[in-house]
Amino acid sequence: PKVSKAVGILLRSGLPPVDVVKKNIASMKGFDEDKLTKVMNNLPTPSDIKAIKSEKEQETKRGGDPEKINWAPPEKYFIMLNSIPLLKPRLNCWIFSFQFEENVKEASKDLTIISDTCKELQ
């Protein structure tokens, strides 16, 4: 099935090959926040996974081997992502780790303002 033109564009716009993406996500290394956000915004939907599973079932019914289907790059990408356990929480955690220091700085500024205001009021 043809699933996502956006994913095709993403794959052609500098994302490493599918096997490298899987290795990087599994090791939580090799991506910056921008690439992670792009991956997160292009995760397969349940209907994408259902379409891929349906195609595999159809291939089996035709007597073929579903593992030998010549998938288009977006489908290969979705199959690979679907094989990573706890993908979405993993990506959220990794993105959070990139944003953590900045968030702490922002919160620290606000806390300093509140603390200074409380001291002035006393």
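As a reminder, the structure under discussion sits directly above these lines.
One structure accompanies this document, and this report is about it. (Residues numbered from 1 in each chain as written. Predicted model: local features only at pLDDT ≥ 70, side-chain atom pairs only at ≥ 80, totals over all residues. Heavy atoms only, no water.)

Comments concerning the overall build of the protein chain
Then, in step 1: For the protein chain, the count of helices and strands is six helices and zero strands.
Then, in step 2: In sequence order, the secondary structure elements of the protein chain are arranged as α-α-α-α-α-α.
Then, in step 3: Its C-alpha atoms give the protein chain a radius of gyration of 21 Å, more than 25% over the compact-globule value 14 Å for 122 residues.
Then, in step 4: When the backbone C-alpha atoms are referred to their principal axes, the protein chain occupies close to 80 × 25 × 25 Å.
Then, in step 5: Looking at the protein chain as a whole, 30% of its 122 residues qualify as buried. (Helix = DSSP H or I, 4+ residues; strand = E, 2+ residues; numbered from the N terminus. Rg over C-alpha atoms; globule rule 2.2 N^0.38 Å. Buried < 20%, exposed > 50% of the residue type's maximum accessible area, 1.4 Å probe, protein only.)

Examining the nonpolar core
Then, in step 1: Core analysis: the biggest nonpolar cluster contains 23 residues, and Leu15, Ile25, Val39, Tyr77, Leu81 and Leu91 have the highest contact counts within it.
Then, in step 2: Among the secondary structure elements, those contributing two or more residues to this core are α1 (5-12), α2 (18-27), α3 (33-41), α5 (73-82) and α6 (87-121).
Then, in step 3: Contacts of Leu81, omitting those with residues within four sequence positions, involve Ile25, Val39, Asn42, Leu43, Pro44 and Leu87. (Core = buried A, V, L, I, M, F, W, Y, C linked by side-chain atoms within 4.5 Å. Contact = heavy atoms within 4.5 Å.)

Quick look at the pattern of salt bridges
Then, in step 1: All told, the structure shown has five salt bridges when counted by the stated rule.
Then, in step 2: Each of the salt bridges in this network shares a partner with another, and the network as a whole consists of Glu55, Glu59 and Arg62. (Salt bridge = Lys/Arg side-chain N within 4 Å of Asp/Glu carboxyl O.)

As for the packing of aromatic side chains
Then, in step 1: Within the structure shown, the criterion is met by four aromatic pairs.
Then, in step 2: Within the aromatic cluster, the residues linked to one another by ring pairs are Phe31, Trp94 and Phe98. (Phe/Tyr/Trp six-rings, centres within 6.5 Å; stacked < 30°, edge-to-face > 60°.)

Digging into a nonpolar patch on the surface
Then, in step 1: On the surface, Phe96, Phe100 and Val104 cluster together to form a nonpolar patch covering roughly 290 Å² of accessible area.
Then, in step 2: The topology assignment puts Phe100 in helix α6.
Then, in step 3: On the accessibility criterion, Phe100 (44% relative accessible area) is partly exposed. (Patch = residues over 30% accessible without salt bridge, like charges linked within 9 Å, V, L, I, M, F, W, Y side chains within 5 Å. Areas by Shrake-Rupley, 256 points an atom, 1.4 Å probe, with all protein chains shown as cover.)

Some details on helix α4 (residues 46-61)
Then, in step 1: The terminal C-alpha atoms of α4 lie 22 Å apart, and with 16 residues this matches the ideal 22 Å at 1.5 Å per residue to within 8%.
Then, in step 2: Of the positions making up α4, those classed as buried are Asp48, Ile49, Ile52 and Glu59. In an axial view of α4, the angular spread of the buried residues amounts to 100 degrees, which keeps them on one side of the axis. Among the exposed residues of α4, those oriented more than 90 degrees off its buried face are Pro46, Ser47, Lys50 and Lys61.
Then, in step 3: Turning to α4, the residues buried within the fold contact α5.
Then, in step 4: Residue Gly63 follows α4 closely and has a positive phi angle near 90 degrees. (Expected span 1.5 Å × (residues − 1). Arc of directions from axis to C-beta.)

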